[in-house]
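Tertiary structure, described
So you can see what is in the structure, the chains are spelled out below.
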Amino acid sequence: MTVYALCQGGLGNRLHCLNTSLAISKILDTNLVVCWPVTHECGIAFRDVFDTDIEEIQAEDIRPTRGYVRIGLIPEHITDYPQFKQDAPILLIPLTTSDQFIKCFRNVDVYFSDHRDRPLSAMKEFLETFRFKAEHIRRANEFVEANNPCATLHIRGTDVPFVQTELDLLKTTEIQHMILQRGKIVGNLFVCSDEKRYEDELVSYYHHSVVRQDKTYPSKRDDSLPFLTDKGEYNIMRTSHDVAEAIIDMLIMARTSQIYGSTYSSLARFAHFIYRYNNPEHTWASYDHIQHV
C-alpha cells in the first residue's frame, strides 16, 4: 500500500497536506508519494520548494482502483485531480494511532487531499523529510539578522473575502506593547501579506514594524474580476517567484514567537508549528487567528 499526498490550492494548504500525509504514512509504516501540480494557485515546482528524497508523481499518472480510500474533500472547482470527480469512498477521520484506524487502511492505498488535520506532533518528521531549499532559508536568515522580528502579522488577502473590519482587528495596543517592554524596544513587528496594500497600511500604523518590500505579489488572471469570483473560483496567478517569496515570508514568521493571522491564514499557522518545534521550551508562544464575525 501507499499513501498519496494530493496537494491542492495554495502554499499553506499544501504544506499542511504534506505534514498530515507524512504522519499517516508513519502510522501505517508505509511509503509516501507526493502529487504537487503546478497551477495558477501555486506556480512553483515541488523540487523548487524542497530538497527531499520523497517520490513525486504527476496528477495525470494517478490511477485509483477499488482498493483505495480517499481522506478529505476535493472542492468541485479544483481541476487538478479529475480522477476523483466520480463517486468514490470518502472518509473524514481524525488522525489517530488506534488499532482500528490502522486496520482500516492496512491493505489499501490512501489518497489524502485535505489540510484540516494539522498535527503539531508531526513537525519533526516533516522538517527532516521535507527540507526547504537552502536559498529560501538563507534569504530568511538574512532578513531576520538585519531586522530582529519578534512578532508577526500575516494577512491572506488575494483568495478570501477579506474586509476592512478584519484589518482593523489587527491594530491593537497589545501588539504595540509586545515589542516595547518597559520602554525598551525588544524587536520589530514583521508584517507580511500577499497584497502590498495591507502591508503598507499596517506598517504605517505600527511603530517599529518591518516588511519585505522587495518581494513580488500575485496578480489576477483576469483584471476585470476580483481575486475570488462569485462562483468561488480563484482568479489568481501565483508565479514560481511569487510562491518562493511567500516561502521566505513563512520562514521569517517561523522565527517569531507571537503570530497573528487573518481568516484562513494557514501559512501563519504552519510557521507557528515550525517555531514551536524549534523552541519547545517557549510554551507561551502563540498563534492567534483573527476572524471577522
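Preceding this paragraph is the structure being described.
Residues numbered from 1 in each chain as written. Predicted model: local features only at pLDDT ≥ 70, side-chain atom pairs only at ≥ 80, totals over all residues. Heavy atoms only, no water.

A word on the overall build of the protein
Along its length, the protein carries 9 helices and 15 strands. Against the globule reference of 19 Å for 293 residues, the protein gives a C-alpha radius of gyration of 20 Å, in line with a compact fold. Viewed in the frame of its principal axes, the protein has a C-alpha envelope of about 65 × 50 × 40 Å. Taken across its 293 residues, the protein has 54% of its residues classed as buried. A fraction of 69% describes how many contacts in the protein between residues 6 or more apart in sequence connect residues 24 or more apart. Total accessible area on the protein is roughly 13900 Å²; 49% of this is exposed by carbon and sulfur atoms. When the 31 positive and 40 negative side-chain charges of the protein are each reduced to one mean point, those points stand 3 Å apart. (Helix = DSSP H or I, 4+ residues; strand = E, 2+ residues; numbered from the N terminus. Rg over C-alpha atoms; globule rule 2.2 N^0.38 Å. Buried < 20%, exposed > 50% of the residue type's maximum accessible area, 1.4 Å probe, protein only. Contact = heavy atoms within 4.5 Å. Areas by Shrake-Rupley, 256 points an atom, 1.4 Å probe, with all protein chains shown as cover. Lys, Arg positive; Asp, Glu negative; His and termini not counted. Charge placed at Lys NZ, Arg CZ, Asp CG, Glu CD.)

Considering the environment of Tyr4
Among the secondary structure elements, Tyr4 is positioned in strand β1 (residues 2-6). Judged by relative accessible area, which is 15%, Tyr4 ranks as buried. The spatial distance from the C-alpha of Tyr4 to the C-alpha of Val33 is 4.8 Å, given a sequence separation of 29 residues. When residues no more than four places from it in sequence are discounted, the contact partners of Tyr4 are Val33, Ile57, Asp109, Val110, Tyr111 and Phe112.

Some remarks on the sheet that holds strand β13 (residues 209-210)
If you walk across this open sheet you meet the 5 strands as β13-β12-β9-β14-β15, and the pairing is parallel. Each of the sheet's edge strands pairs with one partner strand only, and the pair in question is β13 and β15 (286-289). Examined bridge by bridge, strand β14 (residues 258-261) and β15 share 4 bridges and lie parallel to one another. Counted as the bridge partner of Tyr260 is Asp288 from β15. Relative to strand β12 (residues 188-193), helix α7 (residues 196-205) is tilted by about 160°, and along the sheet it contacts β9 (149-155), β12 and β13. Lying over the sheet, helix α8 (residues 240-253) contacts β9, β12 and β14, oriented at roughly 150° with respect to β12. (Pairing = 2+ DSSP bridges. Axes fitted to C-alpha atoms, helices over the stretch in contact; angles between N-to-C directions.)

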